[in-house]
Amino acid sequence: MRVDLFDFDLPEELIALRPARPRDSARLLHVPADGASEDRSVRDVVGLLRAGDLLVFNDTRVIPARLKGVRWRDENRLAMEATLHKRVSASEWQAFAKPGKRLKEGDRLRFGAEGEGACLVSALEATVGAKSDDGLIVLKFDLAGADLDAAIAALGEMPLPPYIAGRRAEDDADRADYQTVYAAKDGAVAAPTAGLHFTPELLAALDAKGVERASVTLHVGAGTFLPVKADDTAEHVMHAEWREISSGAAEAINLAKAEGRRVIAIGTTALRSLESAASEDGSVRAETGDTSIFITPGYRFGVVDGLWTNFHLPRSTLFMLVSAFAGLERMQAVYAHAIAQKYRFYSYGDASLLWRAP
């Protein structure tokens, strides 16, 4: 499909730079499978769901994946930064670097305090490995395993999306704000932002209603923010992301499907995890490994009945996904309504609850 079909104009003032406080006071646009959209609050979700509905969350935890440092080559120093994307080994990460074009294989990089060497509290050193055509480089760190994780945690910054980081600096509040309250497994370099709306109180209210929960893990990569540069969706290549669906999660999902109960994905990452492991009969396989599933209109959903998600960028793979789920014309109308009603967009913005188009 033509990528320009997924374009729209968004006023800059609707890009949220901070989350709603408390989180569950954000607005919610409820989009039934048929009928008019409804302006609601996130807290209204308790009344919109049924006892027995199964919510599937992505329990990944965001690491402080933005590292600032210098490249040195002979006597030359160059300020640079890297945003980690995907772990390759105990000591290696794929990353997006700025200025990436000025880095060469074999260059030495130092992140953190210059002149201190590679230690956990002052600096971290790496060598530039292979470079790829899609802008990724491999960083070969001098540390590995838990020592590398600790150094990244000490020296890194939360990897706020470009549309936030370009307008304000990351600060201490983002360490909590850019993390779901149920995050459990380190590895994401971008938040599964649909989950940012949930609070312990809201989860307790859903439990009391009889709404069930299951978790999968997808470590969101920095590629989620890359623009689609191709003119046709068939020419776009998705970056792979690691995900895991445990046997317990698969059993819970398959039981819900067998009993005719609704499965609602909390976020596009949870949806992509489930659909990438779907069998032809609609059941989900317990599975671990990479997925690069790219969902566009025409895709036949096998698992997910409802989708809780934020409002996404124009011409993005995420807007293509929601258009596949609820219908392109419907989502164009939904986004026009959201803009007219001044909903807040993107990672720290408001939510929508979509039901799959018949």
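Small disclaimer: the values here were computed from a predicted structure and weren't measured.

Let us look at the overall build of the protein chain. Along the protein chain, the regular secondary structure elements total nine helices and 17 strands. Against the compact-globule benchmark of 21 Å for 358 residues, the protein chain has a radius of gyration of 21 Å, which places it among compact chains. With the principal axes as the frame, the protein chain shows a C-alpha extent of 65 × 40 × 40 Å. Of the contacts formed within the protein chain by residues at least 6 apart in sequence, a portion of 72% connects residues at least 24 apart. Surface exposure of the protein chain reaches about 15100 Å², of which carbon and sulfur atoms provide 49%. Each charge sign in the protein chain was given a centre, from 43 positive and 51 negative side chains, and these centres are 2 Å apart.

Once that is clear, we can look at helix α5 (residues 200–209). Those residues of α5 that fall on the buried side of the exposure criterion are Leu 202, Leu 203 and Leu 206. End-on, the buried residues of α5 take up no more than an arc of 100 degrees, which puts them together on one face. Pointing more than 90 degrees away from the buried face of α5 are the exposed residues Pro 200, Glu 201 and Ala 208. Packing partners of the buried residues in α5 comprise α1 (45–48), β3 (54–58) and β12 (212–218). One or two residues past the end of α5 sits Gly 210, with phi positive at roughly 95 degrees.

Further remarks concern unusual backbone geometry. The linkage connecting Arg 21 with the following residue, Pro 22, adopts the cis geometry, with an omega of -5 degrees. Mapped onto the elements, Pro 22 comes out in the segment before β1 (27–31). Between Lys 98 and the following residue, Pro 99, the backbone shows a cis peptide bond with an omega angle of -10 degrees. Phi angles above zero are rare outside glycine, and Lys 342 is one such case at about 60 degrees. Position of Lys 342 relative to the elements: it lies in the loop between α9 (328–340) and β17 (351–355).

All right, on to the sheet that holds β3 then. As summarised here, the arrangement of the nine strands in space is β2-β1-β17-β16-β14-β3-β12-β13-β15, forming an open sheet in which the pairing is mixed. Each edge of the sheet is formed by a strand with only one pairing partner; in this case those strands are β2 (38–41) and β15 (287–291). Pairs of neighbouring strands in the sheet enclose a mean axial angle of 25 degrees, with direction left out of account. Direction of pairing for strand β16 (residues 306–310) relative to β17: antiparallel, over a ladder of five bridges. Within β17, the position partnered with Asn 310 by the bridge is Ala 351.

Here we take up the packing of helix α7 (residues 268–276) against helix α8 (residues 317–326). Packing of α7 against α8 leaves a shortest axis separation of 11 Å and a crossing angle of 65 degrees. Helix-helix and strand crossings are classified by hand; for α7 and α8 the assignment is left-handed. Of α8, the residues touching α7 (which contributes Thr 268, Leu 271 and Arg 272) are Leu 318, Leu 321 and Phe 325.

Attention shifts here to the sheet that holds strand β10 (residues 136–141). What the six strands build is a closed barrel, ordered β5-β6-β7-β10-β9-β8; its pairing is antiparallel. In this sheet, neighbouring strand axes are inclined to one another by 45 degrees on average, regardless of whether the strands run parallel or antiparallel. Judged from the four bridges that link them, strand β5 (residues 66–73) and strand β8 (residues 108–112) form a sheet pairing that is antiparallel. Note that in β8 the partner of Gly 69 across the bridge is Phe 111.

Rules used in this analysis
Residues numbered from 1 in each chain as written. Predicted model: local features only at pLDDT ≥ 70, side-chain atom pairs only at ≥ 80, totals over all residues. Heavy atoms only, no water. Helix = DSSP H or I, 4+ residues; strand = E, 2+ residues; numbered from the N terminus. Rg over C-alpha atoms; globule rule 2.2 N^0.38 Å. Contact = heavy atoms within 4.5 Å. Areas by Shrake-Rupley, 256 points an atom, 1.4 Å probe, with all protein chains shown as cover. Lys, Arg positive; Asp, Glu negative; His and termini not counted. Charge placed at Lys NZ, Arg CZ, Asp CG, Glu CD. Buried < 20%, exposed > 50% of the residue type's maximum accessible area, 1.4 Å probe, protein only. Arc of directions from axis to C-beta. Pairing = 2+ DSSP bridges. Axes fitted to C-alpha atoms, helices over the stretch in contact; angles between N-to-C directions. Left-handed = near helix turned anticlockwise from the far one by under 90°.

These figures capture arrangement, not role.
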